[in-house]
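As a plain string of letters, each chain reads:
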Amino acid sequence: MQELPSSVEPARFALCADAIAEAARELALLGWTPATSSNFSMRVNEELAAVTISGRDKGRLGREDIMLVDMAGHAVGTRARPSAETELHTQAYRRLPHAQVVLHTHSRTQSVASRLFAREGVVRLEGWELQKAITGYTTHASVLEIPVFPNTQHMPELVERVDAWLDAGKPLHAYLIDGHGIYTWGADMAEARRHLEALEFLLGCELDLRRLSA
Ligand SMILES: [Zn+2]
């Protein structure tokens, strides 16, 4: 049972929880959240985020499957356990002030692409019209770099790699984790969904190109 701190209006929590649950159900239908994997969150206010509870089937989420965490990833007002990768969500909210929604999925395309590009450590997208779906990109002629970080069960290592990329001043709109999946975000649910769908499409195109030119 989620108890709400005085800083969170019930209507605000309900709005965030419903938006997360709806997005998760739709992404599950696409097959991007197999076997209870993937996690989703939304910034509730400066100090708190709503995030999926660990281990729930993402195709069947309701309001009761969403919980509050602070920006260090600790549960607030509940004994439920947040998704194992919550630290990556709260890092995005700490480091990227415009991020209001963080989406993490494990589609087949994302998983295969992450393996294929792991050695280079980056997917370099160039020449695709759909790059314009990423906020700030206005032409297919731009270069969109999606880093691929090594997978680990030790979240602080991943947090460090993401920090290092950002500290180097490189643009970051999403990242892949090797053999695992993708993280992306947006200023609202619609933008985060657009980014996720565009990247899924672009990674699929890169895989097809390699298949056809082999
Ligand atoms: Zn994951």
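Here we summarise the structure given alongside this text.

1. Considerations on the coordination of the zinc ion
Link 1 in the chain: Looking at the zinc ion, one finds its protein donor set to be Glu85 (OE), His104 (NE2), His106 (NE2) and His180 (NE2), positioned 2.1 to 2.4 Å from the metal centre.
Link 2 in the chain: Between the four donor atoms coordinating the zinc ion, the angles at the centre fall across 89 to 152 degrees, so the site counts as irregular.
Link 3 in the chain: On the primary sequence, the residues serving as donors to the zinc ion are separated as E-x18-H-x1-H-x73-H. Taken together, the positions of Glu85 in the loop between β4 (75–76) and α2 (86–95) and His104 in strand β5 (residues 101–105) put the pair 19 residues apart, joining distant regions of the chain. For the pair shown, Glu85 and His104 are each scored as buried.

2. Structural notes on the packing of helix α3 (residues 108–116) against helix α5 (residues 189–212)
Packed helix pairs are specified by the crossing angle of their axes together with the interaxial distance, meaning the distance between the axes.
Link 1 in the chain: One way to put it is that α3 packs onto α5 with a least axis distance of 9 Å and a crossing angle of 55 degrees. When the interaxial angle is binned, α3 and α5 end up oblique. The two elements α3 and α5 meet at a crossing, and its hand is left-handed. Touching Thr109, Gln110, Val112, Ala113 and Leu116 of α3 are Leu196, Glu200, Leu203, Gly204, Leu207 and Arg210, all from α5.
Link 2 in the chain: When its residues are assigned to classes, the contact of α3 with α5 shows six nonpolar, three polar and two charged.

Rules behind the numbers
- Residues numbered from 1 in each chain as written.
- Predicted model: local features only at pLDDT ≥ 70, side-chain atom pairs only at ≥ 80, totals over all residues.
- Heavy atoms only, no water.
- Donors = N, O, S within 2.8 Å, 3.2 Å for Na, K, Ca; no water.
- Tetrahedral: all angles 85-135°; square planar, octahedral: opposite > 155°, others 65-115°.
- Helix = DSSP H or I, 4+ residues; strand = E, 2+ residues; numbered from the N terminus.
- Buried < 20%, exposed > 50% of the residue type's maximum accessible area, 1.4 Å probe, protein only.
- Axes fitted to C-alpha atoms, helices over the stretch in contact; angles between N-to-C directions.
- Parallel < 35°, antiparallel > 145°, perpendicular 65-115°, else oblique.
- Left-handed = near helix turned anticlockwise from the far one by under 90°.
- Contact = heavy atoms within 4.5 Å.
- Nonpolar A, V, L, I, M, F, W, Y, C, P; charged D, E, K, R; others polar.

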